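# Tertiary structure, described
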Amino acid sequence: MTAVVLGIETSCDETGVGVVRLSGDGAAGTKVTLLADEIASSVDEHVRFGGVVPEVASRAHLQAMVPTVRRALAVAGVAPSDVDAVAVTAGPGLAGALLVGAAAAKAYAAAWDVPLYGVNHLAAHVAVDTLEHGPLPPALALLVSGGHSSLLQVSSLTQPLEPLGATIDDAAGEAFDKVARLLGLGFPGGPFIDNVARAGGDPASIRFPRGLSGPLDPPYDFSFSGLKTAVARHVEALARAGSIVPVADVAAAFQEAVVDVLTAKAIRAATDRGIETLLIGGGVAANSRLRAVAQQRCDAAGVRLRVPRPRLCTDNGAMVAALGAHLLAAGAPASQFEFPADPGLPITTSLVS
Ligand code: KG4
Ligand code: ZN
């Protein structure tokens, strides 16, 4: 089987359009190749608000959609008549933003007379890894983004993901964004904290708390709101004492606390369950310290680590196209055209019917 799949992602502030080529026999031989990964971001329009403004994001998606699809097709070197299926993020995400992507995907699928797959954004963050590292064996997935932090068991990309644990308060990316704001760094905060910490922060300079890491705490759940408060208290105390805030050290120590907890819990879940592969996905998986510590600890625990390159970790259309291609290869039934965009789509739904 060979097929071209176009994927559309609009759950937050990136209008992502990816094109992939599926080849192989639909089983272990399935190969999904990236042909184009075009992104139009409205992030600059949100910076002065310190967070994504849903209405602004929706309007930006509307403006960017058609040009981004055209660009992706041109880069991929495929004509609209070459597209065999369209996939789109059905949820979770911002309601208005999702709606723009879903409406566009329905229009393209109807115009081109091809099947449409409404997929789960989180499952797509897992599927994207196959573009770089090939077929995925059963794995433990750590998904860390601006809206989610979850540990999931993945038996197959076309089966529902099984949740093992999640954050009970802030998502990891949200904590990065809030702490960056506190330190006067830019938005979104993750890349700024990553860079500042790497440029000379001492991760051992301050010992910030590791949430839910006691012996009686739930082993696979996360909590980052206490950490964020501890950073705020630390910075306030320095300001009260008239001391200069050592931004790089605070950033590095905060990042270390997040990375320590994420990697410890993920590797524990993998070893507890006898799962040999750990996959890390979502925007926070772009973090250089998380990637380095995860590699060290996976090597020590005998767990194989898979992390997509940073550009594929943050939101993009290629991940949606990749999941669509795997569903098409597996013979999954296409979604009904009436499917709604669902801001709260549960992780157990990879494909909406
Ligand atoms: O997956 P994503 O692009 O969008 C959501 O689905 O939320 O993730 C965005 C999040 C933001 O919170 C951003 O600060 C964080 O990913 N992020 C990072 C890095 N790059 C992006 N966090 C830490 N280090 C990074 N290098
Ligand atoms: Zn995401």
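Up top you'll find the structure we're talking about.
Now for a look at the structure at hand.

Calculation notes
- Residues numbered from 1 in each chain as written.
- Chains lettered and ligands numbered in written order.
- Predicted model: local features only at pLDDT ≥ 70, side-chain atom pairs only at ≥ 80, totals over all residues.
- Heavy atoms only, no water.
- Core = buried A, V, L, I, M, F, W, Y, C linked by side-chain atoms within 4.5 Å.
- Buried < 20%, exposed > 50% of the residue type's maximum accessible area, 1.4 Å probe, protein only.
- Helix = DSSP H or I, 4+ residues; strand = E, 2+ residues; numbered from the N terminus.
- Pairing = 2+ DSSP bridges.
- Axes fitted to C-alpha atoms, helices over the stretch in contact; angles between N-to-C directions.
- Phe/Tyr/Trp six-rings, centres within 6.5 Å; stacked < 30°, edge-to-face > 60°.
- Lys NZ or Arg CZ within 6 Å of the ring centre and 35° of its normal.
- Near = heavy atom within 4 Å.
- Polar contact = N/O pair within 3.5 Å; in protein donor to acceptor, adjacent residues only side chain to side chain.
- Areas by Shrake-Rupley, 256 points an atom, 1.4 Å probe, with all protein chains shown as cover.
- Nonpolar A, V, L, I, M, F, W, Y, C, P; charged D, E, K, R; others polar.
- Donors = N, O, S within 2.8 Å, 3.2 Å for Na, K, Ca; no water.
- Left-handed = near helix turned anticlockwise from the far one by under 90°.
- Contact = heavy atoms within 4.5 Å.
- Salt bridge = Lys/Arg side-chain N within 4 Å of Asp/Glu carboxyl O.
- Parallel < 35°, antiparallel > 145°, perpendicular 65-115°, else oblique.
- Right-handed = clockwise from strand over helix to strand, strands pointing away.
- Bend = angle between axes of the 7 residues up to and from the residue.

### Thoughts on the nonpolar core
- Core analysis: the largest hydrophobic core is formed by 46 residues, its most contacted members being Leu 142, Leu 151, Phe 208, Phe 254, Leu 262, Leu 278 and Ile 280.
- Going through the elements one at a time, β6 (139-144), α6 (172-182), α8 (225-240), α9 (247-272), β9 (277-281) and α10 (288-301) are the ones with two or more residues in this core.
- With 13 residues, α9 is the single largest residue contributor to this core.

### Details of the sheet that holds strand β8 (residues 162-166)
- A sheet is described by the order of its strands in space; here five strands give the open sequence β8-β7-β6-β9-β10, paired in mixed fashion. Of all the strands in the sheet, the pair left with one neighbour each is β8 and β10 (304-306). On average, each strand axis in the sheet is tilted by 20 degrees relative to the strand beside it, whichever way the strands run.
- Bridge analysis of β6 against β9 gives four bridges, and the strand direction is parallel. Residue pairing across strands places Leu 140 opposite Leu 278, the latter belonging to β9.

### A few points about the packing of aromatic side chains
- Counting across every chain of the model gives three aromatic pairs.
- Judged by centre distance (4.9 Å) and plane angle (40 degrees), the rings of Tyr 108 and Trp 112 are tilted. Taken together, the residues Tyr 108 and Trp 112, both in helix α3 (residues 95-112) and four residues apart, mark about one turn of the helix. Taken individually, Tyr 108 and Trp 112 each receive the classification buried, so the pair is uniform in this respect.
- In this structure, Lys 106 packs its charged tip against the face of Phe 339, placed 4.5 Å from the ring centre.

### A closer look at the site of ligand 1
- Close to ligand 1 lie 20 residues; Gly 146, Asp 177, Asp 194, Gly 283 and Asp 315 are nearest.
- For ligand 1, a nitrogen atom lies 3.0 Å from a polar atom in the side chain of Asn 287.
- The separation between an oxygen atom of ligand 1 and a polar side-chain atom of Asp 315 is 2.9 Å.
- Here ligand 1 loses 89% of its free accessible area of 550 Å² to cover by the protein chains.
- At the level of elements, α4 (121-127), α6 and α7 (189-198) are the ones that each hand at least two residues to the shell around ligand 1.
- With four residues, the single largest contributor to the shell around ligand 1 is α7.
- Taken together, the residues that form the shell around ligand 1 break down as five nonpolar, 12 polar and three charged.

### A short note on the coordination of the zinc ion (ligand 2)
- The coordination sphere of the zinc ion (ligand 2) contains the protein donors His 121 (NE2), His 125 (NE2) and Asp 315 (OD), at a distance range of 2.1 Å.
- As a motif over one chain, the donors of the zinc ion (ligand 2) read H-x3-H-x189-D. With His 121 in helix α4 and Asp 315 in the loop between α11 (310-313) and α12 (318-329), this pair connects stretches of sequence that are 194 residues apart.

### Topic: the packing of α9 against α10
- Viewed as axis vectors pointing N to C, α9 and α10 meet at an angle of 35 degrees, and their least axial separation amounts to 10 Å. Pair α9 / α10 crosses with right-handed handedness. Contacts from Gln 255, Glu 256, Val 259, Asp 260, Leu 262, Thr 263, Ala 264, Ile 267 and Thr 271 in α9 reach Arg 289, Leu 290, Val 293, Ala 294, Arg 297, Cys 298 and Ala 301 in α10.
- Residue composition of the contact of α9 with α10, grouped by class: nine nonpolar, three polar and four charged.

### Some remarks on the pattern of salt bridges
- The final tally for this structure, using the stated rule, is 14 salt bridges.
- Salt-bridge contacts for Lys 228 lead to Asp 170; the nearest nitrogen and oxygen are separated by 3.0 Å. Here Lys 228, found in helix α8, pairs with Asp 170, found in the loop between β8 and α6; they are 58 residues apart in sequence, far enough to count as distant.
- With a shortest N-O distance of 3.3 Å, Glu 236 and Arg 233 are connected by a salt bridge. Remark: Arg 233 and Glu 236 occur in helix α8; sequence separation between them is three residues, near one turn of the helix.

### Structural notes on the packing of α7 against α9
- The interhelical angle for the contact between α7 and α9, taken along N-to-C directions, is 115 degrees, at an axis separation of 8 Å. What the angle tells us is that α7 and α9 run roughly perpendicular. Handedness of the crossing formed by α7 with α9: left-handed. On α9, the residues that touch Ile 193, Asp 194, Val 196 and Ala 197 of α7 are Val 247, Ala 248, Ala 251, Ala 252, Phe 254 and Gln 255.
- Partitioned by chemical class, the residues of the contact of α7 with α9 number eight nonpolar, one polar and one charged.

### A short note on the pairing of strand β4 (residues 85-91)
- Across the seven residues that make up β4, a large majority, seven, are buried.
- Sheet topology note: the β4/strand β5 (residues 116-120) ladder contains five bridges and is parallel. In the strand pairing of β5, Ala 87 is matched with Tyr 117.
- As a crossover connection, the stretch from β4 through α3 into β5 is right-handed.

### Focus: helix α2 (residues 54-76)
- Remark: the principal bend of α2, roughly 45 degrees, maps to Ala 64, with a proline, Pro 67, within the next four residues.
- Among the structural elements, β1 (2-9), β2 (14-23), β3 (31-41), α1 (43-46) and α3 are those in contact with the buried residues of α2.

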